[in-house]
Amino acid sequence: MTPNEFAILVVEKLQHAGFDALWAGGCVRDWLLNREPKDYDVATSARPEQIRELFGQRRTLPIGAAFGVVTVLGGKSAGQIEVATFRRDGGYSDGRRPDSVEFSDAQEDALRRDFTINGMFYDPISRTVMDYVGGEADLKSGLIRAIGDPHARIAEDKLRMLRGVRFAAKFDFEVEAETWAAIKLHAAEIRIVSPERIGAEVSRMLTDKNRSSAARRLLESQLLNEILPDGWCGTDSWPEARWEIRFTELERLESHDLESAVYVLLRDYFDGDVGEEEAAMDGAMEDKAKELQLAWRLANEQRDRISWIGNHWQTLLTADSQAWSKIQPLLICEPVAMALDAATAISGGTAGIDYCRERLTWPQDQLDPLPLLSGQDLIELKIERGPRFKQLLAAVRARQLDGELTSKVEAVEFVRKMLKV
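In this report, the structure presented in the accompanying data block is examined. (Residues numbered from 1 in each chain as written. Predicted model: local features only at pLDDT ≥ 70, side-chain atom pairs only at ≥ 80, totals over all residues. Heavy atoms only, no water.)

1. Structural notes on the overall build of the protein
Reasoning step 1: Of the regular secondary structure elements, the protein holds 22 helices and 11 strands.
Reasoning step 2: The dimensions of the protein, computed from C-alpha atoms along their principal axes, are 90 × 50 × 35 Å.
Reasoning step 3: Across the 421 residues in the protein, those meeting the buried criterion constitute 48%.
Reasoning step 4: Counted over contacts in the protein with a minimum sequence separation of 6, partners at least 24 positions apart contribute 64%. (Helix = DSSP H or I, 4+ residues; strand = E, 2+ residues; numbered from the N terminus. Buried < 20%, exposed > 50% of the residue type's maximum accessible area, 1.4 Å probe, protein only. Contact = heavy atoms within 4.5 Å.)

2. Description of helix H18 (residues 351-359)
Reasoning step 1: Taken together, the buried positions of H18 are occupied by Gly352, Ile353, Tyr355, Cys356 and Arg359. The buried residues of H18 occupy an angular sector of 155 degrees when projected down its axis, which confines them to one face.
Reasoning step 2: Its buried side turned inward, H18 meets helix H15 (300-317), helix H16 (324-331), helix H17 (336-347) and helix H19 (364-367). (Arc of directions from axis to C-beta.)

3. Let's talk about the packing of aromatic side chains
Reasoning step 1: The tally for this structure, following the rule as stated, stands at 16 aromatic pairs.
Reasoning step 2: The interplanar angle of 45 degrees and the centroid separation of 5.6 Å between the aromatic rings of Trp23 and Tyr122 together place this pair among those described as tilted. Here Trp23, found in strand E1 (residues 21-24), pairs with Tyr122, found in strand E8 (residues 121-123); they are 99 residues apart in sequence, far enough to count as distant. The pair Trp23 / Tyr122 is uniform in exposure class, with both members buried.
Reasoning step 3: Summarising the aromatic geometry, the rings of Phe86 and Phe121 are spaced 6.0 Å apart at their centres and angled 80 degrees between planes, so their arrangement reads as edge-to-face. (Phe/Tyr/Trp six-rings, centres within 6.5 Å; stacked < 30°, edge-to-face > 60°.)

4. Describing the side chain of Thr60
Reasoning step 1: Position of Thr60 among the secondary structure elements: in strand E3 (residues 60-64).
Reasoning step 2: Using a relative accessible area of 2% as the deciding quantity, one classes Thr60 as buried.
Reasoning step 3: Those residues within four positions of Thr60 in sequence are excluded, and the remaining contacts are Ile51, Arg52, Phe55, Val70, Thr71 and Val72.

5. Focus: the nonpolar core
What tends to happen in soluble globular proteins is that the nonpolar side chains get buried as a cluster.
Reasoning step 1: Ranked by size, the top nonpolar core spans 99 residues in total, and within it Leu266, Phe270 and Trp296 carry the most contacts.
Reasoning step 2: Sort the elements by how many residues they give to this core and helix H13 (residues 258-271) lands first, with 9 residues.
Reasoning step 3: Core analysis: the next-biggest nonpolar cluster, separate from the first, contains 13 residues, Leu372, Leu373, Ala411 and Val412 among them. (Core = buried A, V, L, I, M, F, W, Y, C linked by side-chain atoms within 4.5 Å.)

6. Some words on helix H8 (residues 177-186)
Reasoning step 1: By the burial criterion, the buried members of H8 are Thr179, Ala182, Ile183 and His186. With its buried residues spanning 100 degrees around the axis, H8 presents them on a single face. Residues Ala177 and Leu185 are exposed on H8 and point more than 90 degrees away from its buried face.
Reasoning step 2: Looking at the buried positions of H8, the neighbouring elements they touch are strand E10 (143-144), helix H6 (150-156), helix H7 (160-171), strand E11 (174-175) and helix H11 (223-227).

7. Description of the side chain of His186
Reasoning step 1: Here His186 lies in helix H8.
Reasoning step 2: What makes His186 buried here is its relative accessible area of 14%.
Reasoning step 3: A distance of 2.9 Å separates a polar atom in the side chain of His186 from a polar atom in the side chain of His151.
Reasoning step 4: In contact with His186, not counting residues within four places along its chain, are His151, Ile154 and Met161. (Polar contact = N/O pair within 3.5 Å; in protein donor to acceptor, adjacent residues only side chain to side chain.)

8. Describing the sheet that holds E8
Reasoning step 1: Taken in spatial order, the 7 strands line up as E3-E4-E5-E2-E1-E8-E9 in an open sheet, and their pairing is mixed. In this open sheet, the two edge strands, each paired with only one partner strand, are E3 and strand E9 (128-130). Across the sheet, the mean angle from the axis of one strand to that of its neighbour is 35 degrees, orientation sign disregarded.
Reasoning step 2: Relative to E8, E1 runs antiparallel, the two being bridged by 2 bridges. Counted as the bridge partner of Ala24 is Phe121 from E8.
Reasoning step 3: Sheet strands in contact with helix H1 (residues 3-16) are E1, strand E2 (41-44), strand E4 (69-73), strand E5 (80-85) and E8, and its direction is about 150 degrees off that of E1. (Pairing = 2+ DSSP bridges. Axes fitted to C-alpha atoms, helices over the stretch in contact; angles between N-to-C directions.)

9. Quick notes on empty space enclosed by the protein
Reasoning step 1: For the structure on display, the rule yields 1 cavity of 30 Å³ or more.
Reasoning step 2: What lines the largest cavity is simply Asp114, Phe115, Ala146, Pro150, Arg153, Ile154, Arg160, Thr179 and Ile183.
Reasoning step 3: Residues that form the lining of the largest cavity fall into these classes: 5 nonpolar, 1 polar and 3 charged. (1 Å grid on protein atoms, 1.4 Å probe; cavity = no way out; pocket = protein on both sides within 12 Å on 5 of 7 lines; lining within 4 Å. Points joined across faces, edges and corners; volume = space filled by probe spheres on them. Nonpolar A, V, L, I, M, F, W, Y, C, P; charged D, E, K, R; others polar.)

10. Here's the deal with the pairing of E2
Reasoning step 1: Where E1 and E2 come together, 3 bridges link them in antiparallel fashion. What sits directly across from Ala21, in E2, is Thr44.
Reasoning step 2: Where E2 meets E5, 4 bridges bridge the pair, whose relative direction is parallel. By the bridge assignment for E5, Asp41 is matched with Glu82.

Structure (structure tokens):
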């Protein structure tokens, strides 16, 4: 069973039991745009305990039951669906969740949602749309409009500002004037939202094909300045022309990796002051990545990849004119594909990048041949472990890669000569 078939089945079962049941929210929007929804949500007049009784205790999870939400589990291919009781929300004292909910009807449920294009319902059995908020008209006009008072919708959940920007970029829509004005007015309030939620929204924006548009809207709405780490200089510290270059580079970025997009967009912040010593810049790169990790709750692996891209992309630009022993260790590192994508987007492409991509097509044993000497070989030569031990192995490896040493015998002789120096 596909997720779509399961979503129809859930509605059908609820309706047959005498309840109102409809697809709700983003899946309706995507369906009307002829896009396959990533997931389906169902809104119903059934209460949480009735949903669980109908679908069974083993097939349901009451994780959000306090807010009227029960997760109904399908098979492996069907996925799962959140089934929520029609409700109206109480106040939002934390700027995220309602303090209380009151079960209601479909119209009240629509009025509590964020944007009109997300406030529609669809009956997949009768194939009819139920629209209490003007979502169909805004969908046809290409508008992101808050339901009701945009200031009130933002006050309820500050994250809606980032969501509005994301939807506008994703669908290439405009944000309705009053909604846009409210986002700009309240932009600084995004700081009360948790880093995890901010990071999740930014990740969705920067991994989407329209990420350049999303980044531009973040800047223009003043949200970008507010979601950057504390202590980073304001976005208005860079001239408009420089931002235009960054947006163009994002458009050229072919991959959909978050790490390469983050570095391309924010590399002025990562790179530090022009003229710094290389070692200092490396340290600054790592520090900046850690700061961004905290601000957006990035995973450690994402943080490290961003640092790696920043530290090595420029070396890849001129790889064809450098020693293979300097380039090969970079090409066998996991983030190299992201770094090459970032380097291509920034530079437009170089012979060095082409050289790296060609070398990456080599068989593994050619790209990364086994070392001529191992640590055990040095131990057998009566060499004690320590800094010198690592230096010898590195020196042998570099000369092996550059074709100066081609056998273990030659490598051993080279080490013996090094020890006599």
